[in-house]
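# Examining the three-dimensional arrangement
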Amino acid sequence: MGSNGSTLRVCVVCLGNICRSPLGEAALRQAGMTRGFRLKVSSAGTGGWHAGEAPDRRSILTAKRHGLDISKQRAQQFRPGDFSRYDLVLAMDNQNASDLQKMAKSQNEREKVHLFLRNGGNVPDPYHGDASDFEAVYQMVKTAAQEWIEKWEDEMPAT
Ligand code: 4NP
């Protein structure tokens, strides 16, 4: 699985890379680790306003409540050249997915873009919300992360 051998390379993308995708990155890494799945996961934003910044403190606190430390993550903007570094690019909402699709330079790159939620839903931006909105984001990405790992395990060739 994954084009560099057996490690799947995934980038989780939202708008600012400070609220949703840092939680998505952590949830996916945790789900992969728990099940021993070989995964390299990163995150980015379609916008660059927060590049270099730590995640929003409310995301850091939400992750901490669930035993995850995301405080060392630093925001980065997703660039067109980044498509070649990943097998899959998972978007938090339809706008993120649409922006990524526009950035893609080939059919192969466009096909790397999927919504993070496996049911096709959007993870709402909690930036202007409160702690309960961040907790809701975490619950959504945690469930979806487990579903992705299960799907990838199913797709792995039997050895
Ligand atoms: P995120 O939330 O996309 O989940 O990281 C946002 C954070 C900041 C901004 C927008 C969304 N912003 O416009 O600064």
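The structure displayed is predicted, hence computed values, not measured ones. Residue positions are given per chain, counted from 1 along the sequence in the order it is written. Local features are withheld for residues below a pLDDT of 70 in this predicted model, meaning they are given only at 70 or higher, and side-chain atom pairs are given and counted only at 80 or more; totals for whole chains, interfaces and linings count all residues. Side-chain numbers come from the whole structure's heavy atoms, not from hydrogens or water.

Interhelical geometry of helix α2 (residues 57-65) versus helix α5 (residues 131-155) gives an angle of 55 degrees and a closest axis separation of 10 Å. What the angle tells us is that α2 and α5 run oblique. Relative to α5, α2 is oriented so that their crossing is right-handed. Residue-level contacts link Arg 58, Ser 59, Thr 62 and Arg 65 of α2 to Phe 134, Glu 135 and Tyr 138 of α5. The residue classification treats Ala, Val, Leu, Ile, Met, Phe, Trp, Tyr, Cys and Pro as nonpolar and Asp, Glu, Lys and Arg as charged. All others, Gly included, are polar. Its residues assigned to classes, the contact of α2 with α5 comprises 2 nonpolar, 2 polar and 3 charged. Comment: axis = line fitted to C-alpha atoms, over the contacting stretch for helices; angle = value between 0 and 180 degrees taken between N-to-C directions. Put simply, DSSP H or I for four residues or longer makes a helix, DSSP E for two residues or longer makes a strand, and each gets a number counted from the N terminus. Roughly parallel refers to an angle under 35 degrees, roughly antiparallel to one over 145, roughly perpendicular to one between 65 and 115, and oblique to any angle outside these ranges. Each crossing gets its handedness from the near helix: less than a right angle anticlockwise from the far helix is left-handed, clockwise is right-handed. Two residues form a contact once any of their heavy atoms are found within 4.5 Å.

Once that is clear, we can look at α2. Relative accessibility under 20% of the residue-type maximum defines a buried residue, over 50% an exposed one, and the middle range a partly exposed one, all with a 1.4 Å probe and only protein chains included. Taken together, the buried positions of α2 are occupied by Ser 59, Thr 62 and Ala 63. Along the axis of α2, the buried positions cluster into a sector of 95 degrees, meaning they face one direction only. Along α2, the residues that are exposed and aim more than 90 degrees away from the buried face are Arg 57, Lys 64 and Arg 65. Looking at the buried residues of α2, the elements they touch are α1 (20-34) and α5. Definition of a polar contact: a pair of N or O atoms within 3.5 Å, with one able to donate and the other able to accept a hydrogen when the atoms are protein atoms, and with sequence-neighbouring residues admitted only if both atoms are side-chain atoms. Where α2 begins, the side chain of Asp 56 points an oxygen toward the backbone nitrogen of Arg 58, at a separation of 2.8 Å. Where α2 terminates, the next one or two residues include Gly 67, which has phi positive at roughly 80 degrees. In this description, one arc is meant: the one made by directions from the helix axis to the C-beta atoms.

α5 packs onto α1 with a crossing angle of 40 degrees between their chain directions and a minimal axis gap of 8 Å. As far as their axial angle goes, α5 and α1 are oblique. Considering the relative orientation of α1 and α5, their crossing is right-handed. Counting all contacts with α1, which are made through Arg 20, Leu 23, Gly 24, Ala 27, Leu 28, Ala 31 and Gly 32, the residues of α5 involved are Phe 134, Val 137, Tyr 138, Val 141, Lys 142, Ala 145, Gln 146, Trp 148, Ile 149 and Trp 152. Per-class residue counts for the contact of α1 with α5 are 12 nonpolar, 3 polar and 2 charged.

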